[in-house]
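Chains, contacts and geometry: an overview
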Amino acid sequence: MGERMEIIEKAPAKINLGLDVLHKRSDGYHELEMVMSSVDLADRLTIEEIAEDKIIIETNRAFLPVDERNHVYQAAMLVKERYKINQGIKVSIKKSIPVAAGLGGGSTDCAAALRGLNRLWNLGLSLEELAAMGMEVGTDVPYCVYGKTALITGKGEKVFPIPDMPQCWVVLVKPRMSVSTGKVFNEVDMNEIHHPNISELKSAIYANDYTRMTQAVGNSLEAITIKRHPIIQQIKDRMLKYGADATLMSGSGPTVYALCQQYSRAQRIYNGLKGFCDEVYIVRTLK
Ligand code: ATP
């Protein structure tokens, strides 16, 4: 019997620096324009080959599904079927990213599985090819295949890597409730929605201008989720009070983040929010 391989793949969380809802499309999806960046809060996938030809998922979060509903399972099915691979695998997902938080946890796990299996089985697939497969699992997966800083358009399938965002500290605060992305999009009213200036945000990043970037971050969905969950506004107010340069909700929420340049400032924000919410993290942007 040959030696069975085992590999480890990191799956970083993302934050939205920008999220604009341009219009509702005839297929029911919203046309989006987003800027996302990876942060160093990451899940870790260990993929190993097993004797039987099946897919086994394990995770340290008991409430997560480990069957066909898990995005990693779906990624493995796709790869196995498309490339006719009869080798079974076990994937252990060590989750650190909060679930249903707006941090892209399930999508980044899926993307990591695609990258990992490409490596494990020497499939030689490009990131473009992996991203196209990922789109079949979820609209945020193509971005997660690339990671780092990128401009994303369409419903998520068009990913354009851009220069790394100016490096800084990110304080993440995840309030207790979880938010359904679908519900938030259902509440979008195109006549009322706020449009952040994504092209200004993009040029600030190209210029590596931290201050300009902090002035240009924005999320069309923030006001919608705040209406339902006013705690998000309270978190933002507190973050500003403790010295954040910018605060924004990520994705459809409910996670809110603060940006700052000095670690001492990040700690101040962390301490100011820790008593208010259970889940608070200080992370670094990823290059
Ligand atoms: P996004 O920002 O892309 O909307 P999110 O961070 O809000 O994502 P996820 O953490 O991806 O949300 O979780 C959304 C749902 O996906 C969960 O309710 C969960 O049951 C399901 N799911 C499937 N596979 C996974 C996985 N590997 N990790 C986390 N959630 C998963």
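The structure displayed is predicted, hence computed values, not measured ones. (Residues numbered from 1 in each chain as written. Predicted model: local features only at pLDDT ≥ 70, side-chain atom pairs only at ≥ 80, totals over all residues. Heavy atoms only, no water.)

1. A few points about the UniProt feature "active site" (unreviewed entry) in the chain
Cut-off, in case you're wondering: UniProt positions are given in the numbering used here, feature names are shortened, and annotations may be inferred rather than shown by experiment. In this scheme, a residue with accessible area under 20% of its type's maximum is buried, one over 50% is exposed, and one in between is partly exposed, where area comes from a 1.4 Å probe on protein chains only. The term polar contact refers here to a pair of N or O atoms within 3.5 Å; inside protein, the definition further demands a hydrogen-donor-capable atom paired with an acceptor-capable atom, and it admits residues adjacent in sequence only when both atoms are side-chain atoms. What counts as a helix is a DSSP run of H or I of at least four residues, what counts as a strand is a run of E of at least two, and both are numbered from the N terminus.
UniProt tags Lys14 and Asp140 as "active site" (unreviewed entry). A maximum C-alpha distance of 9.9 Å is found for the annotated residues, which run over 127 residues; spatially they form one tight group. On the basis of relative accessibility, which here comes to 4%, the residue Lys14 falls in the buried class. Here the side chain of Lys14 touches Gly102 through a polar contact of 3.1 Å, landing on its backbone oxygen. Among the secondary structure elements, Asp140 is positioned in the loop between helix 3 (127-134) and helix 4 (141-146).

2. Here we look at the site of the ligand
Our working definition: If a single non-hydrogen atom of a residue is within 4 Å of a molecule or strand, that residue counts as near it. For the area figures, the Shrake-Rupley method with a 1.4 Å probe applies, and any residue is considered shielded solely by the protein chains shown.
The environment of the ligand is formed by 19 residues, the closest being Ala100, Gly102, Gly104, Gly106 and Asp140. Taking Ala100, its main chain carries an N or O atom lying 2.9 Å from an oxygen atom of the ligand. Between an oxygen atom of the ligand and a main-chain N or O atom of Leu103, the distance comes to 3.2 Å. For the ligand, the accessible surface in isolation is 610 Å², of which the surrounding protein chains cover 80%. The element contributing the most residues to the shell around the ligand is helix 2 (residues 105-120), with four residues.

3. Re the environment of Leu114
Its location among the elements puts Leu114 in helix 2. Note: C-alpha distance between Leu114 and Ile7 (107 residues apart in sequence) is 12 Å.

4. Side note on the side chain of Ser107
Definition in use: Contacts are assigned to residue pairs that have any heavy atoms within 4.5 Å of one another.
Its location among the elements puts Ser107 in helix 2. Accessibility expressed as a relative area gives 13% for Ser107, which makes it buried. If sequence neighbours within four positions are ignored, Ser107 has contacts with His71, Asp140, Val141 and Cys144.

5. Here we look at the pattern of salt bridges
Rules: Think of a salt bridge as a Lys or Arg side-chain nitrogen and an Asp or Glu carboxyl oxygen that are within 4 Å of each other.
All chains considered together, the criterion is met by 16 salt bridges. A salt bridge links Lys54 to Glu52; its shortest N-O distance comes to 3.7 Å. By sharing partners, the salt bridges in this structure join Glu9, Arg115 and Arg119 into a single network.

6. Concerning unusual backbone geometry
Along the chain, Gly253 connects to Pro254 via a cis peptide bond; the corresponding omega equals 0 degrees. On the secondary structure map, Pro254 appears in the loop between strand 9 (246-249) and strand 10 (256-260). If you check the backbone angles, Lys84 has positive phi at about 50 degrees while not being a glycine. Its location among the elements puts Lys84 in the loop between helix 1 (71-82) and strand 4 (88-94). Overall, Lys84 belongs to the exposed group, its relative accessible area being 68%.

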